[in-house]
Amino acid sequence: MRIGSTLQQEGLRQGHSSSPHLFNLVADVFTKMMSKAAAQGHISGLQPEVVPGGTLQYADDTLLLLENNLTKARNFTWLLTCFEQVSGMRINYDKSDTVTLEHLQHSSILQ
């Protein structure tokens, strides 16, 4: 792709002064995708009134707090695939973790 007089072949290199700004733009699109999917009931977070869409971001780290629901997990996986296709970014699953939390009854905490 030609931008002005520059032939653009790849994205910005890590450490380029514009890369944090570009990342923020793309991360904002991801957050909006998550919020829209949550608003339409395709996915749901643990505390939607606190964290809409179940997404928290800091720098290049993203924390997802999702409801334990297999259908919504599949929807979320599809959403990640769409995000990769739209943005050209790739999620590094080797650096990703899934942590499940059990729901504790209030009475079991007191015992």
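Scroll up to find the structure.
Residues numbered from 1 in each chain as written. Predicted model: local features only at pLDDT ≥ 70, side-chain atom pairs only at ≥ 80, totals over all residues. Heavy atoms only, no water.

Peer 1: What is the right way to read the side chain of Glu84 from this model?
Peer 2: Mapped onto the secondary structure, Glu84 falls in helix 2 (residues 70-87). No salt bridge is formed by the buried Glu84; its nearest oppositely charged neighbour, Arg90, is found at 4.9 Å. Excluding residues that lie within four positions of it along the chain, Glu84 makes contacts with Met89, Arg90, Ile91 and Tyr93. (Helix = DSSP H or I, 4+ residues; strand = E, 2+ residues; numbered from the N terminus. Buried < 20%, exposed > 50% of the residue type's maximum accessible area, 1.4 Å probe, protein only. Lys, Arg positive; Asp, Glu negative; His and termini not counted. Salt bridge = Lys/Arg side-chain N within 4 Å of Asp/Glu carboxyl O. Contact = heavy atoms within 4.5 Å.)

Peer 1: Mind showing me how you'd approach the nonpolar core here?
Peer 2: Most often, soluble globular proteins have nonpolar side chains that are buried together. Counting residues in hydrophobic clusters, the biggest one holds 10 residues: Val26, Phe30, Met33, Met34, Ala37, Ile43, Phe76, Leu79, Leu80 and Phe83. Of all elements in the fold, only helix 1 (19-39) and helix 2 reach the threshold of two or more residues within this core. It is helix 1 that provides the largest number of residues to this core, a total of five residues. (Core = buried A, V, L, I, M, F, W, Y, C linked by side-chain atoms within 4.5 Å.)

Peer 1: What exactly am I supposed to notice about the pattern of salt bridges here?
Peer 2: Opposite charge on two side chains lets them pair, provided their charged atoms get close. Per the counting criterion, the structure on display carries one salt bridge. Between Lys32 and Asp28 there is a salt bridge; the shortest N-O distance is 3.6 Å. One end of the pair is Lys32 and the other is Asp28, both in helix 1 and four residues apart, which spans about a single turn.

Peer 1: What exactly am I supposed to notice about helix 2 here?
Peer 2: Along an α-helix, residues three or four apart share an orientation, since each turn contains 3.6 residues. Under the 1.5 Å per step criterion, the end-to-end length of helix 2 is 26 Å for 18 residues, consistent within 8% with the ideal 26 Å. Of all the residues in helix 2, the buried ones are Phe76, Leu79, Leu80, Phe83 and Glu84. Projected down its long axis, helix 2 carries its buried residues within an arc of 140 degrees, all on one side. Within helix 2, the exposed residues directed more than 90 degrees away from the buried face are Leu70, Arg74, Trp78, Gln85 and Val86. Turning to helix 2, the residues buried within the fold contact helix 1 and strand 4 (61-64). Its side-chain oxygen 3.0 Å from the backbone nitrogen of Thr71, Asn69 forms the N-cap of helix 2. Among the residues trailing helix 2, Gly88 stands out with phi positive, at a value near 80 degrees. (Expected span 1.5 Å × (residues − 1). Arc of directions from axis to C-beta. Polar contact = N/O pair within 3.5 Å; in protein donor to acceptor, adjacent residues only side chain to side chain.)

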